[in-house]
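Working through the structure, step by step
Each chain, written out:
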Amino acid sequence: MACPECDLLQRIGSLPKEETAVCLRCGAFLRRGAHESLDIPLTISFVALLLFGAANAFPLLVLQLHGSVQLATIPGCVNALVSLGWPWLAAILITTVVLAPPVYLGGLIYVLIQARRKHTTRWAMRIFRIVLEFQPWGMTEVFLLGILVAYVRLNDMAIVIPGASLYALAAFTVAMATLITSLDPRAVWDALEGGL
Ligand SMILES: [Zn+2]
């Protein structure tokens, strides 16, 4: 890494706990050797993946209007956007809500398992780079907000019951926020480099 003070490029090996690395040239603080356990982000990743599966398997909203019952699901939302003539919006929904979360979580779980086993392959490093690129593309929280707005507005016209998927999606959003705060990419890089 480059020193934040003088830009000197230095390679920092894995640091034991409670040791700090300082710049060779100017003595500026570079990083602390707080090796966080990778078990916590790994467990949260599994939980988030299960919640994501549940969010896709059940209805988001159940609408009752004039005796007929309509189920709104995530795949149903994609179909509805296509049939309304908004394929681009459907593509954005697929990318940010349907594809990005499982690609991110699946890749992350693979990388974290490899890092924990200290048996690193070049693939794990490549996949971790892709996973980090994918992280900003998951936008389920924006989608959830949209569903909540729809729920409030539709309530005036029909009987709207929140489905199991809505709760799963809300729990998934919380799990993802917890995952991102508990995951220290540098700790993962250290573990991966240690296994090479
Ligand atoms: Zn320096």
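Everything discussed here concerns the structure shown above.
First, a word on scope: everything that follows refers to the structure included in this document. Just so you know, these numbers come straight off a predicted model, no measurement behind them. (Residues numbered from 1 in each chain as written. Predicted model: local features only at pLDDT ≥ 70, side-chain atom pairs only at ≥ 80, totals over all residues. Heavy atoms only, no water.)

1. Re helix α2 (residues 74–83)
One turn of the α-helix equals 3.6 residues, which is why residues spaced by three or four share an orientation. For α2, every residue scored as buried is listed here: Ile74, Cys77, Val78 and Leu81. Down the axis of α2, the buried side of the element spans an arc of 100°, and every buried residue falls inside it. Exposed positions of α2 whose direction lies more than 90 degrees from the buried face are Asn79 and Ser83. Looking at the buried positions of α2, the neighbouring elements they touch are α1 (39–57), α3 (87–117), α5 (140–154) and α6 (164–182). N-capping of α2 is provided by Thr73, with a side-chain oxygen placed 3.0 Å from the backbone N of Gly76. At the C-terminal side of α2, Gly85 shows a positive phi close to 85°. (Buried < 20%, exposed > 50% of the residue type's maximum accessible area, 1.4 Å probe, protein only. Helix = DSSP H or I, 4+ residues; strand = E, 2+ residues; numbered from the N terminus. Arc of directions from axis to C-beta. Contact = heavy atoms within 4.5 Å. Polar contact = N/O pair within 3.5 Å; in protein donor to acceptor, adjacent residues only side chain to side chain.)

2. A closer look at the sheet that holds strand β4 (residues 68–72)
If you trace the 3 strands from one edge of the open sheet to the other, you get β4-β3-β5, paired in antiparallel fashion. Only two strands of the sheet have a single neighbouring strand rather than two, namely β4 and β5 (159–162). Along the sheet, successive strands turn relative to each other by an average axial angle of 20°, direction set aside. (Pairing = 2+ DSSP bridges. Axes fitted to C-alpha atoms, helices over the stretch in contact; angles between N-to-C directions.)

3. Re the environment of Leu61
Within the secondary structure layout, Leu61 lies in strand β3 (residues 61–65). Residues Leu61 and Gly146 lie 85 residues apart in sequence; the distance between their C-alpha atoms is 12 Å. Contacts of Leu61, omitting those with residues within four sequence positions, involve Gln70, Leu71, Ala72, Ile147, Tyr151, Val160, Ile161, Pro162, Gly163 and Leu166.

4. Describing a nonpolar patch on the surface
Among the surface-exposed residues, Leu84, Trp86, Leu89 and Ile92 lie close enough to one another that they form a single nonpolar patch of about 440 Å² accessible area. When you line up the elements, Trp86 lands in the loop between α2 and α3. Overall, Trp86 belongs to the partly exposed group, its relative accessible area being 47%. (Patch = residues over 30% accessible without salt bridge, like charges linked within 9 Å, V, L, I, M, F, W, Y side chains within 5 Å. Areas by Shrake-Rupley, 256 points an atom, 1.4 Å probe, with all protein chains shown as cover. Salt bridge = Lys/Arg side-chain N within 4 Å of Asp/Glu carboxyl O.)

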